[in-house]
Amino acid sequence: MSVVARLPAGWLLDHLSFINRCGYEIGDSFAGPGGVPLSTCATSPGDSRATPAFAATSSSRGGPLPGPGGATEAEDRRAKTKYVFREELFAVFKPHIAAAPEEQLWQGFSDASLTETRANSNSEEHRQRTDSGKRKRKCVFNQGELDALEYHSKVRKLIWEGTLQLVQEGLKSGYLHGVTAEHSCWKNVVPGHVGCGLVELCEMAKQFPAVSESDHRAVHVLSDETSVPEQDLLSCVTENRSSCTKIVVLMGQKYLVPPKSSFLLSDVSCLQPLLNYKKKYDVIVIDPPWENKSVKRSNRYSHLSSWQIKQIPVPALAAPNCLVVTWVTNRQKHLRFVKDELYPHWSVKTLAEWHWVKITRTGEFVLPLESLHKKPYEVLILGRVQGDGKDALRKSEDVLPVPEHKIIVSVPCSLHSHKPPL
C-alpha cells in the first residue's frame, strides 16, 4: 500500500500512487529517433464517448539510439510505454453533500447521543409533498434504520477522532491541502462514460457450456498478441507470466493486465475454472454486489442474493489460515448475515470490523458523518479460515493477530465502487 501516514487509529492511503507503482509498463518495438515521447490512452480507437482510466507516454528505455558501431544490445534500445491512472479521477475537492458547520471535522467531536439524533431527525419531515399533492411518510424510522443508528452511535467517535488525527498528518505532509479561498472555487471532476464491456462479457460467460472438473485446459497464457477471442478467456484462468504489462482487447476495449498476475473473467456462478487452477490463496477479498433499493431503482448492475454469496467456494480456494476480507454496506442486515451466517458457513472466524473513511483532498468527509441516507464510511469484516487438526494449530502460531478496529482513510476514486488497495 502507498501509506501516507500510519497511526494507532489506522492509515491514510494514496490510491493513485499505489496503482501507478504497480508497474504498468509495456515493452514496445524499437523507439524512434531520440525516443520521441508518444501519447496514447487505454481505450478503443474511435470511441470518442469513452473516458479512459489510464493514460500513457512512450520513451526510449536505453536512452538515445547508438550511432554506427554502437554496442548497445537491441533489448536495451526497446521503448517502454508506461501507463498511469488518470489523476483527475481522484480530484475530489468538495464534499458531495456539505455538512452543517457543527458537524464538520474541524469543529471537534460532537458527543451527541443516539436519543438526540433520533429526536432531531424526527422533528424534521423526511420527505416533502410531491407535485401530485400526495404526502409521503415523515421520518419515522423502521427497524433497519434504527439498527443502523444504533451501530453508528457505537463507531462514530472512533471514526471521527481517528480520521481527524490522520487528516492532520496528511496536511503536515502536504498530501492534503486545507480549505482556502482558492480551493473553494475548485469543482469535483465527474468522469464521463468509461468504456467497459466486462458486464457484457460476464453475461456472455453464462451462455458457455459448463466447465467440468476433469477439464485440463485450466490456464491461458497471454502472448504478445493483443487480440484474444473472448471465449478463450471465459473458460479458463488467464495468466500474464512476463515482467511487463500486457494489453488484451475484448469487445473493442483495451485492458491492462499487470505483470505476474492472473485472473478469471466469469460470472460468479461459473467458477469451476478457478477451482481447476489448483491454487490456494492466503488472502481473499470479496466485494459482493449487495441487494439494496438504490441498485434496484437504477438497474446499474445485478445483485446477488444471500444464498448465491454463500455458494462462492471460499473453503476450496483458501490456504490454511487464509485471511478473508468482505466489503459490506452499512445495512445491519448484511453485517449480521456475514458474521452470523456467511463466515460460519465458510468455516471462517470473524476477527475484526474495520472502516474505510472517504475524504476530500482538503480533508473533509465526502458526506456528513450524521447523514441518515449515506455515510462517508464503508465496513470491512475480517476473518480467518479455521483449519482442522494439529497442523493447522502449528501453522496458526506463526500468524500475526488482526487488530479489532482500524480505519483506512483516503480520497475515493470517482469511478463507481472503486475500493482502496488492501
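Check the entry above for the structure.
Summary of the structure given here. (Residues numbered from 1 in each chain as written. Predicted model: local features only at pLDDT ≥ 70, side-chain atom pairs only at ≥ 80, totals over all residues. Heavy atoms only, no water.)

## Considerations on the overall build of the chain
Within the chain one finds 11 helices and 16 strands. Per-residue burial over the chain gives 41% buried out of 422 residues. Excluding contacts between residues fewer than 6 apart, the proportion of contacts in the chain whose partners are at least 24 apart in sequence is 72%. Entry remark: accessible area of the chain is about 23600 Å², with carbon and sulfur atoms responsible for 52%. (Helix = DSSP H or I, 4+ residues; strand = E, 2+ residues; numbered from the N terminus. Buried < 20%, exposed > 50% of the residue type's maximum accessible area, 1.4 Å probe, protein only. Contact = heavy atoms within 4.5 Å. Areas by Shrake-Rupley, 256 points an atom, 1.4 Å probe, with all protein chains shown as cover.)

## Concerning unusual backbone geometry
Phi at Lys260 takes a positive value of approximately 55°, unusual for a residue other than glycine. Its place among the elements puts Lys260 in the loop between strand 10 (253-257) and strand 11 (261-263). Not every positive phi belongs to a glycine, and Ser347 is a case in point at roughly 60°. Considering the arrangement of structural elements, one finds Ser347 in the loop between helix 10 (332-345) and strand 14 (348-358).

## Considering the packing of aromatic side chains
Counted according to the given criterion, the structure contains six aromatic pairs. Taking 5.8 Å as the distance between ring centres and 75° as the angle between the ring planes, the aromatic pair formed by Trp327 and Trp356 counts as edge-to-face. Of this pair, Trp327 sits in strand 13 (residues 318-328) while Trp356 sits in strand 14, and the two are 29 residues apart along the sequence. Exposure remark for Trp327: the relative accessible area of 3% places this residue in the buried category. For the cation-ring pair, Lys406 lies above Trp11, with the distance from its terminal atom to the ring centre recorded as 5.8 Å. Sitting over the ring of Trp327, Lys419 keeps its end group 5.5 Å from the ring centre. (Phe/Tyr/Trp six-rings, centres within 6.5 Å; stacked < 30°, edge-to-face > 60°. Lys NZ or Arg CZ within 6 Å of the ring centre and 35° of its normal.)

## Remarks on the sheet that holds strand 11
With mixed pairing, the three strands of this open sheet are ordered in space as 7-8-11. Edge positions in the sheet fall to strand 7 (219-221) and strand 11, since each of these pairs with one other strand and no more. Taken pair by pair, the neighbouring strands of this sheet meet at an average axis angle of 25°, ignoring direction. Bridging between strand 8 (residues 237-240) and strand 11 involves three bridges; their strand directions are antiparallel. Residue pairing in the sheet places Thr238 in a bridge with Phe263 of strand 11. (Pairing = 2+ DSSP bridges. Axes fitted to C-alpha atoms, helices over the stretch in contact; angles between N-to-C directions.)

In short, shape yes, function no, at least from these values alone.
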